[in-house]
Amino acid sequence: MKRFTGLLLMLVGVLAFPWGAFSQAPVTFTYIEQQIITASDPAAAVDESSLIAAINLYDPLLYPNVEKGSMEPRPHVAESWTVSPDGKVYTFKLRRGIRFHSGRELTAEDVVFSMERALRMKKGFSWVWTPVLEPGRIKALDKYTVRFELKEAYAPFLGSLLLFFILDKDLVMRNIRPGPYGEFGDYGSAFLERADAGSGPYRMERFDRATEMVMTRFENYWRGWKPNQISRVSFKTVTEEATVKTLIKSGQADMVNQWLSVQGFQELKQVPGIVVKEDPSVQLFHLQMNTKKPPLDNVKVRQAISYAFDYDTAIQKIFLGATRARGPVPVRVPGWNPKVPVYTRNVATAKRLVAESGVPPERLSIEYAYVVTLPLERQIGLLLKANLEEIGFKVEIRGEPWARIVELATKPETTPHITAIFDTLKYPHVDSHTYGMYHPSCWGTFRCMSFYENPKVTQVLEAARRAVKPEEQMRLYQLAQELIVRDAPSIYVANPLHRIAFRDYVKGYRYVGLLGFDVAFYDFTIAR
């Protein structure tokens, strides 16, 4: 009897112990990013590094359907939802039993708190929701039911919730300091620099913004664990391309980011044991022109620059394998307008437009800024400089760290004349590359460094968001594309191939399209 009791107690102990904690030896993983993690607070995430951190530490309300190779939202924290016939009321049923890293269960109150926090802080992707939501319009109907009451119908709302990450209300509120948000102080911003408040597959072990974030597996993650998944991640920042290549060649890194030069990836293709994955992207590479800064406040000057640029050389010699961009919307995004006007190199037309602009030759002096760690952007700058000098411009080229580019983008006065920007689809809707880049409410981020303003376009984009019928939405978004391109707020260069490199023992990588979601460490297994 004593033996039976002992065996029973042993069995109970095994069942009570998290399965993933003893099933395997720790699996460590080193990922290299060439830009710093600009934000560890998910409400401030806006670029690739900060979104990768958010996706791995936190759970969004909905998740892209990566299992089916789709960007469209599928259930995640919300297991189901309904939408009112007028498109204004969304009701979500939450999954039960999701635990935050603190051990608390995620409930409707956390969802309400997280959205109201984002709306009040007005950082990150809050501009996606502020036109139609305000604090008080998100309500917890019961412990597992949340209702969002929109001011009006809003076409991209469901897709935008892929960017809405849920925070542990109690943990954040226990760690607020004095700050700019009234009774909410700093809303826990300082705390989130050294810890997380998420329910995602990994928890923050430590964070040094300049060098590394270390994440460790959360054993009680609600989706469970299987053998050979990653248990510890070193998310390192290494800016020099030569060093990045050395680290992955030597096996000191397991995966490196998409920002190596095309030539760098070509080199890695030749190295045994390294996989270079290439996929057609939903990304836009464009040269944003600051429409508030002379001489680029003159539409004919911007059109002249658009005609002067050598697109063929950029695509064939620098990007290698890219698709020529046709307007602000990547050509693989549903809702792209195939009839949008396209600028091609025509030096005679460019010179004529410069003459018609009335801008004196001595004022045709501009600066071009690029991310200093991206050689491709410097190559594009040299090409642009040569092209524009043919039509009478003087061009200064300068490289800046990515964090500095983000800082400069906050005001038109500090934003360079022209800035090179890679912009990946942020949520699965054409709205991301129209309203999200060209509505005045978006000014102040790297996506809107053109500070473009056209009352007609603003009106069309707002009407598109309000349209309930999909066909009317698409008609208006396509009209907006035509109007925007005529005003030439950017030089639309390429929809590049997405490239990423990893060691051949890394399994489960899937290109999703939406920024950051392909680097979800939970999806990877290691087969050594």
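Nothing here was measured: the structure is a model prediction, and the numbers come from that model.

**Structural notes on the pairing of strand β17 (residues 418-424)**
Part 1 of the reasoning: Along β17, 7 of the 7 residues are buried, which leaves the element largely enclosed by surrounding structure.
Part 2 of the reasoning: Pairing of strand β13 (residues 283-289) with β17, which is carried by 7 bridges, proceeds in the antiparallel orientation. Pairing of Q283 across the sheet is with T424, part of β17.
Part 3 of the reasoning: Looking at chain direction, strand β15 (residues 365-371) and β17 are connected through 2 bridges and run parallel. Bridge pairing in β17 links Y368 to I418.

**Comments concerning the side chain of Q303**
Part 1 of the reasoning: Locating Q303 in the fold gives a position in helix α9 (residues 299-308).
Part 2 of the reasoning: A polar contact is formed between the side chain of Q303 and the backbone oxygen of R486, at a distance of 2.9 Å.
Part 3 of the reasoning: In contact with Q303, not counting residues within four places along its chain, are Y343, L353, R486 and A488.

**Quick word on the pattern of salt bridges**
Part 1 of the reasoning: Evaluation of the coordinates by the stated rule reveals 38 salt bridges.
Part 2 of the reasoning: Notably, a salt bridge pairs K245 with E241, separated by 4.0 Å at the nearest N-O pair. Note that K245 and E241 are positioned in helix α7 (residues 241-249) at a spacing of 4 residues, about one turn of the helix. Each of the two residues, K245 as well as E241, counts as buried.
Part 3 of the reasoning: Between K293 and E367 there is a salt bridge whose closest N-O contact spans 3.7 Å. One end of the pair, K293, is in the loop between β13 and α9; the other, E367, is in strand β15, with 74 residues separating them in the sequence.

**Looking at helix α12 (residues 375-389)**
Part 1 of the reasoning: Between its first and last C-alpha, α12 extends 21 Å over 15 residues, near the 21 Å set by a 1.5 Å rise per residue.
Part 2 of the reasoning: When we look at burial in α12, the residues that qualify are L376, E377, I380, G381, L383, L384, N387 and L388. With its buried residues spanning 165° around the axis, α12 presents them on a single face.

**Let's talk about unusual backbone geometry**
Part 1 of the reasoning: Put simply, P294 and P295 share a cis peptide bond, and its omega is 5°.
Part 2 of the reasoning: Tracing the sequence through the fold places P295 in the loop between β13 and α9.
Part 3 of the reasoning: At N228, a position not held by glycine, the phi torsion is positive, near 70°.
Part 4 of the reasoning: Relative to the helices and strands, N228 is located in the loop between β9 (212-217) and β10 (232-237).
Part 5 of the reasoning: Here N228 falls in the partly exposed class, since its relative accessible area comes to 38%.

**Quick notes on the sheet that holds β15**
Part 1 of the reasoning: Reading across from one edge, β14-β18-β13-β17-β15-β16 is the order of the 6 strands in this open sheet, with mixed pairing throughout. The open sheet terminates on both sides in strands that have one partner only, identified here as β14 (323-324) and β16 (394-400).
Part 2 of the reasoning: Running over the sheet, helix α10 (residues 311-319) touches β13, β14, β17 and β18 (490-495) and is turned about 40° from β18.
Part 3 of the reasoning: Packed on one face of the sheet, α12 meets β13, β15, β16, β17 and β18 and runs near 165° to β15.

So, how was this worked out
- Residues numbered from 1 in each chain as written.
- Predicted model: local features only at pLDDT ≥ 70, side-chain atom pairs only at ≥ 80, totals over all residues.
- Heavy atoms only, no water.
- Buried < 20%, exposed > 50% of the residue type's maximum accessible area, 1.4 Å probe, protein only.
- Helix = DSSP H or I, 4+ residues; strand = E, 2+ residues; numbered from the N terminus.
- Pairing = 2+ DSSP bridges.
- Polar contact = N/O pair within 3.5 Å; in protein donor to acceptor, adjacent residues only side chain to side chain.
- Contact = heavy atoms within 4.5 Å.
- Salt bridge = Lys/Arg side-chain N within 4 Å of Asp/Glu carboxyl O.
- Expected span 1.5 Å × (residues − 1).
- Arc of directions from axis to C-beta.
- Axes fitted to C-alpha atoms, helices over the stretch in contact; angles between N-to-C directions.

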